[in-house]
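# Tertiary structure, described
So the chains spell out like this:
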Amino acid sequence: MKQISDYLETNNQKFVEELIEYLRFPSVSAQSKHKIDMTNCAQWLASHGRSIGLKTKVHKTSGHPIVTLTTKQKTNGSKPHFLVYGHYDVQPPEPLELWTSSPFAPEVRKGNLFARGASDNKGQHFAHLKAVEAYLKTNTELPCDLTFLIEGEEEVGGEALVSFLKKNKRELKCEGVVVSDTGMPDLKHPALTYALRGVAALEVRIEGPNRDLHSGIYGGAIENPAIALSKLLAKMIDKNGRITVPGFYNDVIKLSAYERKQMARIPFNERNFKKLLGVKSLFGEKGFTPNEHRAARPTFEINGLTSGYQGEGSKTIVPSYASAKITMRLVPNQNAAKILRIVAQHIKKLCPETMKIKVELGHVADPYIVSPKGGLAKAALKSLKSAFGHEPVLLREGGSIPIVEHFAQILKVDTYLLGLALPDDNLHSPNEKIDLEVFKRGIKMSAHLWKNFAEA
Ligand code: BES
Ligand code: ZN
């Protein structure tokens, strides 16, 4: 390990510069104007992998390319094999005016590297790549074979990787998957996440008159679609913060007393939390704590709401339609496809007679949960402790990584979620960043991980 730690120490600045290069690609999967940037980014990653000695390939898909980078040679196969998953696509950077430095012109300020994708997820999987580089460049034998699977559609719920897994099941056969795409409470609390929420997306559009109308001539005689949709949506959550769709909670596993106790131990300061978010007070389902709300309870969110005139000044109309983009977060054992079906049905039922309704079903991801007690989980915890110098915590987290449940279903393996995002990393928000100390320790953690996994 000495040679490896020396290599990491000597090359830390180089790693940051390379990450900066990676972050310059505006790889926004949601926006078609960035299609070429997606391909360029994938190709850069592959050629970077080649330069450190990995066998790499950019796989075309019906959507954005998938990149694989592997230490595996055709001739071997005696070592344990692990996958490292990550995504090179990023969320749209808008609103741009709220960024201190431009999202794709990475900048280091006070030990943080600011750029869209710095933490979610380029910086996090790049840390693993740099650990492997340290093994390869110091001619230290890697005790495991590793295959990096880096996709370009995570942030849009794309399906390309699911087909890829099914098609390449044999090559991807492995003992487990490692993912760094979650969070840790702070530098003193490195974390192993053992549960993620799922997600289900839909769009509702209700239609009234066949065009926007003069509200003085017609208003009062027909129902306003914006008001009708507002009323409908307001019925979805009751005053206790419970989702009102019949059957919605049927499959939710009750939180055990043990889990609730663990969740209560995770640092949470309500005053700081309110201040960080700029909210007057918190709101959540009655009978649960904010830590539980955010990690282990399902939600119903309106992500976007549109109707009528939004431009400058006033316009006296009755709009022709109103629409909403909706996503729900789901918890074990809810089934995302089933929930989507019952919610869509319920929404249709709530539509008033005065309106036509269209409900379009969107992407789904099932929630994930695994026991954090096995040998590999212990090896992961040990690696976190060595790199961060503090006892790791076990977390359930509220975000979703759709492919993780597919690893379980298709490859029949567990996923070890070793997140490197701090709460103030601004994932999906303006001024996203990665803490360079966390990046450095993340690389170290990964270097330990393969040794500890092989021994487990
Ligand atoms: N890295 C996040 C997921 C995450 C964030 C998990 C924080 C735990 C803590 C990931 O990139 C993400 O944003 N996923 C999307 C998936 C969705 C588009 C299907 C999400 O959760 O919104
Ligand atoms: Zn994300």
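Residues numbered from 1 in each chain as written. Chains lettered and ligands numbered in written order. Predicted model: local features only at pLDDT ≥ 70, side-chain atom pairs only at ≥ 80, totals over all residues. Heavy atoms only, no water.

Relative to the elements of secondary structure, Glu207 occurs in strand S9 (residues 198-207). Judged by its relative accessible area of 14%, Glu207 is buried. Considering only alpha carbons, one finds Glu207 and Asp145, 62 residues apart in sequence, at a separation of 56 Å. The residues touching Glu207, leaving out its near neighbours within four places in the chain, are Ser320, Tyr321, Met355, Lys356 and Lys358. Here Arg205 takes part through its side chain, which lies 2.7 Å from a polar atom of the side chain of Glu207. Engagement of the side chain of Glu207 in a polar contact is seen with the side chain of Lys358, the distance being 3.3 Å. (Helix = DSSP H or I, 4+ residues; strand = E, 2+ residues; numbered from the N terminus. Buried < 20%, exposed > 50% of the residue type's maximum accessible area, 1.4 Å probe, protein only. Contact = heavy atoms within 4.5 Å. Polar contact = N/O pair within 3.5 Å; in protein donor to acceptor, adjacent residues only side chain to side chain.)

This part covers empty space enclosed by the protein. A complete count under the given rule lists 3 cavities of 30 Å³ or more for this structure. Counted as a void, the largest cavity has a volume near 110 Å³. Along the walls of the largest cavity sit 16 residues, with Gly157, Gly158, Val162, Pro402 and Ile403 positioned nearest its centre. Mapped onto the lining of the largest cavity, the elements with two or more residues apiece are helix H4 (160-167), strand S14 (356-365) and helix H11 (403-411). Looking at the lining of the largest cavity, the element that brings in the most residues is S14, giving 3 residues. Residue composition of the lining of the largest cavity, by class: 8 nonpolar, 4 polar and 4 charged. (1 Å grid on protein atoms, 1.4 Å probe; cavity = no way out; pocket = protein on both sides within 12 Å on 5 of 7 lines; lining within 4 Å. Points joined across faces, edges and corners; volume = space filled by probe spheres on them. Nonpolar A, V, L, I, M, F, W, Y, C, P; charged D, E, K, R; others polar.)

Let us now look at the sheet that holds strand S13 (residues 321-330). Spatial strand order, S11-S13-S9-S14: 4 strands in an open sheet with antiparallel pairing. The outermost strands of the open sheet, each flanked by one partner alone, are strand S11 (299-307) and S14. The mean inter-strand angle of the sheet, taken between neighbouring strand axes irrespective of direction, is 15°. Across 8 bridges, the pairing between S9 and S14 is antiparallel. Opposite Ile206, over in S14, you have Ile357 as the bridge partner. Here helix H9 (residues 336-350) sits on the sheet in contact with S9, S11, S13 and S14, set at roughly 165° to S14. (Pairing = 2+ DSSP bridges. Axes fitted to C-alpha atoms, helices over the stretch in contact; angles between N-to-C directions.)

Another point: helix H3 (residues 118-137). Between the first and last C-alpha of H3 there are merely 25 Å, a value that for 20 residues lags more than 12% behind the 28 Å anticipated at 1.5 Å per step. Burial analysis of H3 places 18 of its 20 residues in the buried class, the great majority of the element. Taken from the residues just after H3, Asn139 is the one with a positive phi, measuring 55°. (Expected span 1.5 Å × (residues − 1).)

A word on helix H12 (residues 436-455). Between its first and last C-alpha, H12 extends 29 Å over 20 residues, near the 28 Å set by a 1.5 Å rise per residue. Largest kink in H12: about 25°, centred on Leu449. Measuring from the side-chain oxygen of the N-cap residue of H12 to the backbone nitrogen of Glu437 gives 2.8 Å; that N-cap residue is Asp435. (Bend = angle between axes of the 7 residues up to and from the residue.)

Geometry of a packed helix pair, given as the angle between the helix axes and the separation of the axes. Contact pair H3 / H12: the axes reach a minimum separation of 8 Å and the direction vectors enclose 55°. What the angle tells us is that H3 and H12 run oblique. Of the two possible hands of crossing, H3 and H12 adopt the one that is right-handed. Facing H3, whose interface residues are Gly123, Phe126, Ala127, His128, Lys130, Ala131 and Tyr135, H12 presents Phe439, Gly442, Ile443, Met445, Ser446, Ala447, Leu449, Trp450 and Lys451. In terms of residue class, the contact of H3 with H12 is made up of 10 nonpolar, 4 polar and 2 charged. (Parallel < 35°, antiparallel > 145°, perpendicular 65-115°, else oblique. Left-handed = near helix turned anticlockwise from the far one by under 90°.)

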